[in-house]
Each structure stands twice: as structure tokens, then as C-alpha cells.
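Coordinates in review
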Amino acid sequence: MIRVGVNGYGTIGKRVADAVEAQPDMELIGVAKTQPNFEAHTAVERGYPMYAAIPERSPLFAEAGIDIAGEVDELVAEADVIVDCTPSGIGAQNRELYETHHTPAIFQGGEDSDVADVSFNARSNFDAARDADYVRVVSCNTTGLSRIIAPLEEEYGVDKVRATLVRRGGDPGQNSRGPINDILPNPIKVPSHHGPDVKTIFPDLEIDTLGLKVPATLMHVHALNVTLEDDVTGAHVRQLLEGEDRVYVIPEGLGIDGAGKLKDFALDAGRPRGDMWENCVWGESIGVNGRDLYLFQAIHQESDVIPENIDAIRAMFDTEDKRDSMELTDRTLGVGI
Ligand code: NAD
């Protein structure tokens, strides 16, 4: 059993904790939180031992009726691995704590790539994380792009990727983010930083990205143009993507014409929190002109990186190979439509 602690229990952390709990080869030994908010109460109801992330705030938990198991450094000392799910920039500050206790750690995509020895996407570079002590699971957007690029690269070879990322303004609970009523080129400088992030997974790839932010919380949508090394047919690309477990090619005729209906679809299917762990590619959008492939995909920013964190743990501990780990993760979480 790999003993896992989760430091930072927000959007990503609570999902990682549930995913760890669902694995037969992992034990969730605790979660660390900064404050006893509603998520802390839910964690306690789920039976997750609670640790105070900021020692001076420990008394707040007792006042809120939550018994804590200890403070974060005790969780770090006890764990075989910590999954750090704190806000961007805090993870890098926490690295020293993990090093002090000789506890390996996984960081999230909001951190710079130099926070860890390797940037990780299970489909694309599982083996790069073998035996690594510090791994960064790349961002939701980079995960979504990598899952498409890896099979295209293997099957046809990729000359160049151009991607426009229409990004949600904030997650549903982030009521201070926006825009509320605008369409922002964001970042305004092109090409955007997203392309270089994808190159942490595919160092030799030619990729340019542009970003926008829109008044939505549900998902990101990518408009993708990939120039392949050979002429292809849309039908062949579609068959290739349909063979990918973490890509859902939305069939024509379902009436799923946007991110809103995709989220309804996930909720109707009884998925936890309405999560869509898979890239959602509109089948009808897969279009080909010679070597140029075009498609639209939606990425559920809150959940696509969750299976990747689980696979990163197995890669670091060298307990399963790529295929077995991804299959086990998908089966236990319910990934794959
Ligand atoms: P979040 O704000 O929802 O959750 C972060 C949690 O960490 C909060 O509960 C916060 O109180 C807590 N925290 C703050 N300081 C802490 C500290 N010093 N110690 C322990 N906990 C602390 O953030 P999130 O959206 O879950 O993002 C976490 C990481 O995941 C970031 O690197 C982010 O870029 C990345 N990420 C986020 C998304 C997304 O869409 N939400 C997608 C992919 C990756």
C-alpha cells in the first residue's frame, strides 16, 4: 500500500483525495487544510483524517467541532508521498518541507516546471516519472492537449500544432474571477505560455497557442489545428481518437452542442461532482484538409488531471507499468464512456 497525503484540499485536492481512496493499492492517510470550511466538514464525513496546514490555525478546527489528527509536517513525515494541491506558487514554497522529511511529492500545473524533476502526462511520458522524487502533473489545458498530441504523433507524426484555448473565467466557486461580461484575449501576448508548457512533455514539438478568457465556469474549449506529416482522412483520425480511453468522441445525434450539455450529461450519468475526466472531442468537428487536421474539444478543468495524479504516484513508485496503471485508474474511477 502506498500511503498518500494530500496537502491543499480545494478543487483539485478534494478530487485527488477521493481518487486515492478508490485505489486498491493506495491508502489516503490524511488531508491538510488551512481552514475549517464546508470542504473540511465533508472531508471529515468521508472519514479522512484532517491535518492543520497552518499550525497557528489549529484552534479554529476545534472551535468548528473538527478533531484534527495533527499538523501538516506530521502528515508529511507519515506519508510515502504527498500530493500538493495548494494554489499556484505555494507548492514551490512547500517543496522544502517535503525535502526536510525526505517525502516525495507531486505538484500541480500552476507551479513552474522547475518545481519538479519531471512534468507528467500518463499517456505521453509515464516512464519519465519512474523513480522520480518530485513530479509535476501538467495543467488541465496541457493535459488536454497532450492526450491528443500523443496518439497523433505516434500514428502519423506531427509537424506543427496551433491551438486556440477558449478558457473559462474561473471555477464555479471562484466568485471573484471573471470576466463577467467580456471576451478577453488572455494572455494578450501571442503565442501564449501554454505552448511552452506542452513542450515540457514533448520537447521537440512545434506548437503555438493563443488564449482567451470568457464569462463561463463550466469547461475550457480548444480549437485545434494540427499539421501532420502525411495526408490523413477524418475517419481514420476519428477511429484513432475513439481508441483512446481518456478521449470521448461525442457522437453526432446526442444533441450535445456545448459545454453546458456535456456537464448535464455527466451529472445525469451520476458522475461525482459532474466530473468529465476525459477530453471531449466533437466527432463532427474532426475535419481534414490534406495534412491539416482540425477539431474542437472541451476540457473539464476541475477533473481531467485527477487520473493523471493517480498514475503519477504509481510511476514514481514503479509499481505498475503504464498500461496497467492507466487501466486500473480508469476502472476504479469510472473513466471511459
Ligand atoms: P483551490 O484554491 O481550489 O484549492 C487550493 C486549496 O489549498 C484551498 O483549499 C486553499 O485554502 C489551500 N491552501 C492555501 N494555502 C495553503 C497552504 N499553505 N497549505 C495547504 N493548503 C493551502 O485551487 P485549485 O484549483 O485546486 O488549484 C490547485 C493547483 O492545481 C494549482 O496549482 C492549480 O493551478 C492547479 N490546477 C487547477 C485546476 C483548476 O481548474 N482548478 C486545473 C488543473 C490544475
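Please read all numbers here as calculations on a predicted model, not as lab measurements.

1. Thoughts on the pattern of salt bridges
Counted by the stated rule, this structure contains 28 salt bridges. Note that Lys14 and Glu39 form a salt bridge whose closest N and O atoms lie 3.0 Å from each other. Taken together, the positions of Lys14 in helix 1 (residues 11–21) and Glu39 in helix 2 (residues 38–45) put the pair 25 residues apart, joining distant regions of the chain. According to the relative accessible area criterion, Glu39 is buried, its value standing at 11%. When salt bridges that share partners are traced, they join Asp25, Arg147, Arg246, Glu308, Asp311, Arg314 and Asp330 into one network.

2. Focus on the layout of surface pockets
Quantified by volume, the second largest pocket comes out at close to 280 Å³. If you trace the second largest pocket, you find it lined by Arg123, Arg147, Gly243, Glu244, Asp245, Arg246, Val247, Lys322, Arg323, Met326, Glu327 and Asp330. Ranked by residues supplied to the lining of the second largest pocket, first place goes to helix 12 (residues 322–333) with five residues. Considering only residue class, the lining of the second largest pocket consists of two nonpolar, one polar and nine charged. Of the residues that make up the lining of the second largest pocket, three or more belong to each of domain 1 (2–138 + 305–333) and domain 2 (140–299).

3. Description of the sheet that holds strand 6 (residues 105–107)
Spatial strand order, 4-3-2-1-5-6-8-7: eight strands in an open sheet with parallel pairing. Edge positions in the open sheet fall to strand 4 (70–71) and strand 7 (118–120), since each of these has one partner strand only. Looking at chain direction, strand 3 (residues 50–52) and strand 4 are connected through two bridges and run parallel. For Ala52, the partnering residue across the bridge sits in strand 4 and is Glu71. Together, strand 1 (2–7), strand 2 (26–33) and strand 5 (81–84) form the strand contacts of helix 1, whose direction differs from that of strand 2 by roughly 160°.

4. Some remarks on the packing of helix 7 (residues 140–155) against helix 9 (residues 234–242)
A packed helix pair is summarised by two numbers, namely the angle formed by the two axes and the spacing between the axes. Between helix 7 and helix 9, the least distance of the axes is 10 Å, while the angle of their chain directions is 125°. Between helix 7 and helix 9, the angle is such that the two are oblique. The element helix 7 and its partner helix 9 pack so that their crossing is right-handed. Between helix 7 and helix 9, the contacting residues are Ile148, Pro151, Leu152 and Glu155 on the first element and His236, Val237, Leu240 and Leu241 on the second. Residue composition of the contact of helix 7 with helix 9, by class: six nonpolar, one polar and one charged.

5. Side note on the domain arrangement of the chain
Assigned domains within the chain: domain 1 (2–138 + 305–333) and domain 2 (140–299). Between the C-alpha centres of domain 1 and domain 2 the distance comes to 26 Å. The interface is formed by 24 residues belonging to domain 1 together with 19 residues belonging to domain 2. Carbon and sulfur atoms supply 46% of the area that domain 1 and domain 2 bury against each other, a total of about 1700 Å² over both sides. Three residues stand out in domain 1 for area buried against domain 2, namely Arg15, Arg123 and Val138, and they jointly supply 33% of the buried area on that side. Taken together, the links from domain 1 to domain 2 amount to nine salt bridges. The partner of Glu308 in a salt bridge is Arg147, and the shortest N-O contact between them spans 2.7 Å. Of all the secondary structure elements, the ones that give two or more residues to the side of domain 1 that touches domain 2 are helix 1, strand 7, helix 6 (122–125), helix 11 (306–317) and helix 12. Partitioned by chemical class, the residues of the side of domain 1 that touches domain 2 number eight nonpolar, seven polar and nine charged.

6. Some details on the pairing of strand 2
In terms of burial, strand 2 is largely enclosed, as seven of its eight residues are buried. Chirality of the crossover, the property in question, places the unit of strand 1, helix 1 and strand 2 among those that are right-handed. Bridge count for strand 2 against strand 3 is three bridges, and the pairing is parallel. Across the sheet, Ala32 pairs through a bridge with Tyr51, a residue of strand 3. Traced from strand 2 through helix 2 to strand 3, the parallel crossover comes out right-handed.

7. A look at the nonpolar core
Counting 44 residues, the largest nonpolar core has Val31, Phe120 and Ile313 as the members making the most contacts within it. Sort the elements by how many residues they give to this core and helix 11 lands first, with six residues. When residues are assigned to domains, this core turns out to be shared by domain 1 (2–138 + 305–333) and domain 2 (140–299), each giving three or more. Among the nonpolar cores identified, the runner-up in size contains 29 residues, and Ile149, Ala150, Ile201 and Leu228 belong to it.

8. Observations concerning unusual backbone geometry
A cis amide bond, omega -5°, links Asn186 with the succeeding residue Pro187. Structurally, Pro187 is set in the loop between strand 10 (184–185) and helix 8 (194–198). In this structure, the amide linkage connecting Val190 to the following residue, Pro191, adopts the cis form with an omega of -10°. With respect to the helices and strands, the residue Pro191 is situated in the loop between strand 10 and helix 8. Unusually for a residue other than glycine, His102 sits at a positive phi of about 55°. Tracing the backbone through its elements, the reader meets His102 in the loop between helix 5 (90–100) and strand 6. On the basis of relative accessibility, which here comes to 72%, the residue His102 falls in the exposed class. Although it is not a glycine, Arg273 sits at a positive phi angle of roughly 60°.

Parameters at a glance
Residues numbered from 1 in each chain as written. Predicted model: local features only at pLDDT ≥ 70, side-chain atom pairs only at ≥ 80, totals over all residues. Heavy atoms only, no water. Salt bridge = Lys/Arg side-chain N within 4 Å of Asp/Glu carboxyl O. Helix = DSSP H or I, 4+ residues; strand = E, 2+ residues; numbered from the N terminus. Buried < 20%, exposed > 50% of the residue type's maximum accessible area, 1.4 Å probe, protein only. 1 Å grid on protein atoms, 1.4 Å probe; cavity = no way out; pocket = protein on both sides within 12 Å on 5 of 7 lines; lining within 4 Å. Points joined across faces, edges and corners; volume = space filled by probe spheres on them. Nonpolar A, V, L, I, M, F, W, Y, C, P; charged D, E, K, R; others polar. Domains from an automatic or database assignment. Pairing = 2+ DSSP bridges. Contact = heavy atoms within 4.5 Å. Axes fitted to C-alpha atoms, helices over the stretch in contact; angles between N-to-C directions. Parallel < 35°, antiparallel > 145°, perpendicular 65-115°, else oblique. Left-handed = near helix turned anticlockwise from the far one by under 90°. Buried area = accessible area lost by both parts, 1.4 Å probe. Right-handed = clockwise from strand over helix to strand, strands pointing away. Core = buried A, V, L, I, M, F, W, Y, C linked by side-chain atoms within 4.5 Å.

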